[in-house]
Amino acid sequence: MMKYLLFKPLGPEDLPTLKELTTSEICKVWAGASRYIRRQLLQKRAVEIGVGTFALVPARATVGEDTALPVERPVFRPCRFLKKFYKLKCAKAKIPDETPFVQLDFEQIAAEIHFRREIVEQCIHETLLFFAGALRDNKEVEFSFKGIGILAVRRKVVSMTFLDDCLLELDGTGNMLAALLGDSKMMRTVAFAGKNDFSRLSRDEVITLPRLAVETPHQPSAPAISLKPRREPAPWGGGARRVSVLDPVFLAQRRVSLARQRAKEGERAKEGERAKAKEAGQARLLPVIREKSQEELKQPRPPAQPRLQLPACVPQPSGTGTGSLRAERAEKRLQLLMASKRREVEAEVWRQYRANRAGRNTERGQSPCRHVFEDPYRPPHLLRKAYAEKLKEGLQEKERCQSAARQRASEGPAELHLPGRAWAAKGEKTRLLERRGKAQGLPATPRS
């Protein structure tokens with residue numbers, strides 16, 4: 001706080017950061033600081049900004065004759081060293097002892113507005129130095145805090161007027177609106193164009209901060225004169241500044257977003273070109289298609305073939321065809337059902353067949369469906385082996401028959417034995433002859 005007690009006037013060399021920044025950038029920094037102050041006031045904290053302190057204090061507003069409403073109103077209390085050094089006057093306000101005090105968080109303000117922390121800190125410090133210089137020169141000053149109010153210095157009298165929405169939001173009792181409407185003293189703390197603590201008294205020039213400009217009171221048409229120190233020209237020419245105020249991380253993110261945006265724009269441009277080329281191709285083909293269609297229309301069409309007439313016995317289809325469609329759908333459903341059932345049966349058969357092949361089912365001779373589960377296929381080498389065995393058995397049987405015949409021939413002639421079928425035929429003939437002889441009265445034929 002002691003650094004704002006000036007013994008000599010300020011020069012441009014004392015404000016190097018303000019010299020490099022533009023007016024909009026300075027206002028952006030102080031807008032971020034004002035939002036931070038308002039958030040802290042909402043949390044019932046006092047904020048020290050170097051030349052004074054913002055805080056909430058309890059007060060009583062007189063409404064009517066004997067009614068006093070408790071309210072909480074914000075106040076600005078100048079630094080006592082600053083007040084004594086520049087011989088300032090202001091209304092007394094006691095901040096409660098239980099109120100916690102905080103400083104401006106330059107890191108949080110810089111992160112909110114995407115500025116470098118050093119730039120934010122130096123900008124706020126040099127603006128307060130400019131404010132102290134105006135107090136030293138006995139100038140009227142109006143310091144605007146966006147969303148909070150206006151700090152005014154008129155003839156060494158310091159007054160802080162607040163915006164109505166700020167007063168209503170910061171009041172925790174809910175009586176501020178009634179107090180503003182019923183108490184004229186409370187109304188003097190509201191910043192508006194009427195007669196209040198903010199009213200300009202003198203005809204001299206007024207310095208407005210943080211714009212660093214001079215305005216002429218009661219002459220709205222008069223242009224404002226900028227007091228911001230000018231940037232020195234660079235050695236290489238031009239008015240470009242030597243440092244960047246933006247945060248490097250934010251700059252990198254912005255470059256990435258710009259690159260993505262350019263890539264999207266390029267894709268859109270390519271899609272537009274493709275669409276235009278497609279339309280151009282269609283426009284080239286349309287005349288050709290139109291000519292071909294006209295030629296086809298001019299050519300004579302072949303006569304239409306007569307439709308076949310169905311006989312009277314064939315049922316004619318109905319006009320709507322609803323019944324036939326339902327029948328077709330039912331038939332299709334039945335076919336699907338039969339097909340699915342058949343697939344299930346086939347799957348069961350194949351499962352049992354594989355189980356039988358793997359030795360998990362009953363024996364082959366005990367199978368109830370031998371023609372289904374037994375394997376009819378026999379390899380060729382098994383067939384050849386079985387044929388060879390049968391052939392060998394036949395040859396052995398033939399050889400045994402021949403050996404038996406040779407043996408009988410060597411022993412002597414034997415009685416001729418006829419086969420069983422021949423003996424049966426002979427006996428039948430003998431019986432027939434005997435019956436005929438009996439019928440004719442002949443004697444019976446002796447049997448051998």
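In short, a report on the structure. Predicted model only: the values in this text are computed from it and were never measured. (Residues numbered from 1 in each chain as written. Predicted model: local features only at pLDDT ≥ 70, side-chain atom pairs only at ≥ 80, totals over all residues. Heavy atoms only, no water.)

This brings us to a positive patch on the surface. Taken together, the side chains of Arg326, Arg329, Lys332 and Arg333 make up a positively charged region of the molecular surface. Topologically, arginine 333 is positioned in helix H10 (residues 322-357). (Patch = residues over 30% accessible without salt bridge, like charges linked within 9 Å, V, L, I, M, F, W, Y side chains within 5 Å. Areas by Shrake-Rupley, 256 points an atom, 1.4 Å probe, with all protein chains shown as cover. Salt bridge = Lys/Arg side-chain N within 4 Å of Asp/Glu carboxyl O. Lys, Arg positive; Asp, Glu negative; His and termini not counted. Charge placed at Lys NZ, Arg CZ, Asp CG, Glu CD. Helix = DSSP H or I, 4+ residues; strand = E, 2+ residues; numbered from the N terminus.)

Moving on: the sheet that holds strand S4 (residues 101-103). In sheet architecture, strand pairing relies on hydrogen bonds along the backbone and comes in two forms, parallel and antiparallel. One open sheet accounts for 4 strands, arranged S3-S2-S1-S4; its pairing is mixed. Edge strands, defined here as strands with exactly one partner in the open sheet, are strand S3 (67-78) and S4. For this sheet, the mean angle separating the axes of adjacent strands, direction not counted, is 35 degrees. Here strand S2 (residues 52-63) pairs with S3 via 12 bridges, running antiparallel. Bridge assignment links alanine 59 to a residue of S3, and that residue is valine 71. On the sheet, helix H2 (residues 23-42) packs against strand S1 (46-48), S2 and S4 and is oriented at approximately 55 degrees with respect to S2. (Pairing = 2+ DSSP bridges. Axes fitted to C-alpha atoms, helices over the stretch in contact; angles between N-to-C directions. Contact = heavy atoms within 4.5 Å.)

Spanning 20 residues, H2 covers 29 Å between terminal C-alpha atoms, matching the ideal 28 Å at 1.5 Å per step. At the C-terminal side of H2, lysine 44 shows a positive phi close to 65 degrees. (Expected span 1.5 Å × (residues − 1).)

This part is about the layout of surface pockets. A volume near 330 Å³ is recorded for the second largest pocket. Lining the second largest pocket are 16 residues, and of these Leu10, Phe130, Asp137, Ile207 and Leu227 lie nearest its centre. A total of 4 residues in the lining of the second largest pocket trace back to one element, the largest contributor, which is helix H5 (residues 117-136). The class makeup of the residues in the lining of the second largest pocket is 10 nonpolar, 2 polar and 4 charged. (1 Å grid on protein atoms, 1.4 Å probe; cavity = no way out; pocket = protein on both sides within 12 Å on 5 of 7 lines; lining within 4 Å. Points joined across faces, edges and corners; volume = space filled by probe spheres on them. Nonpolar A, V, L, I, M, F, W, Y, C, P; charged D, E, K, R; others polar.)

Moving on: the environment of threonine 62. Looking at the element boundaries, threonine 62 is found in strand S2. Sequence separation between threonine 62 and alanine 178 is 116 residues; the distance between their C-alpha atoms is 9.8 Å.

This part is about the packing of aromatic side chains. Evaluation of the coordinates by the stated rule reveals 9 aromatic pairs. With 4.9 Å between their ring centres and 70 degrees between their planes, tryptophan 30 and phenylalanine 143 make a pair best called edge-to-face. Here the residue tryptophan 30 occupies a position in helix H2, and phenylalanine 143 occupies one in strand S5 (residues 140-145), the gap between them amounting to 113 residues. Taken individually, tryptophan 30 and phenylalanine 143 each receive the classification buried, so the pair is uniform in this respect. With 4.9 Å between their ring centres and 55 degrees between their planes, phenylalanine 54 and phenylalanine 76 make a pair best called tilted. With phenylalanine 54 in strand S2 and phenylalanine 76 in strand S3, this pair connects stretches of sequence that are 22 residues apart. Each member of the pair, phenylalanine 54 as well as phenylalanine 76, carries the same accessibility label: buried. Through a chain of ring-to-ring contacts, the aromatic side chains of Trp30, Phe54, Phe76, Phe131, Phe143 and Phe145 assemble into a single cluster. (Phe/Tyr/Trp six-rings, centres within 6.5 Å; stacked < 30°, edge-to-face > 60°. Buried < 20%, exposed > 50% of the residue type's maximum accessible area, 1.4 Å probe, protein only.)

Right, let's talk about H5 for a bit. Across its 20 residues, H5 extends 29 Å between first and last C-alpha, which sits within 8% of the 28 Å expected from 1.5 Å per residue. Extensive coverage of H5 is indicated by the burial of 14 of its 20 residues. Backbone geometry just downstream of H5 places asparagine 138 in the positive-phi region, at approximately 55 degrees.

The values are spatial; any link to function lies outside them.
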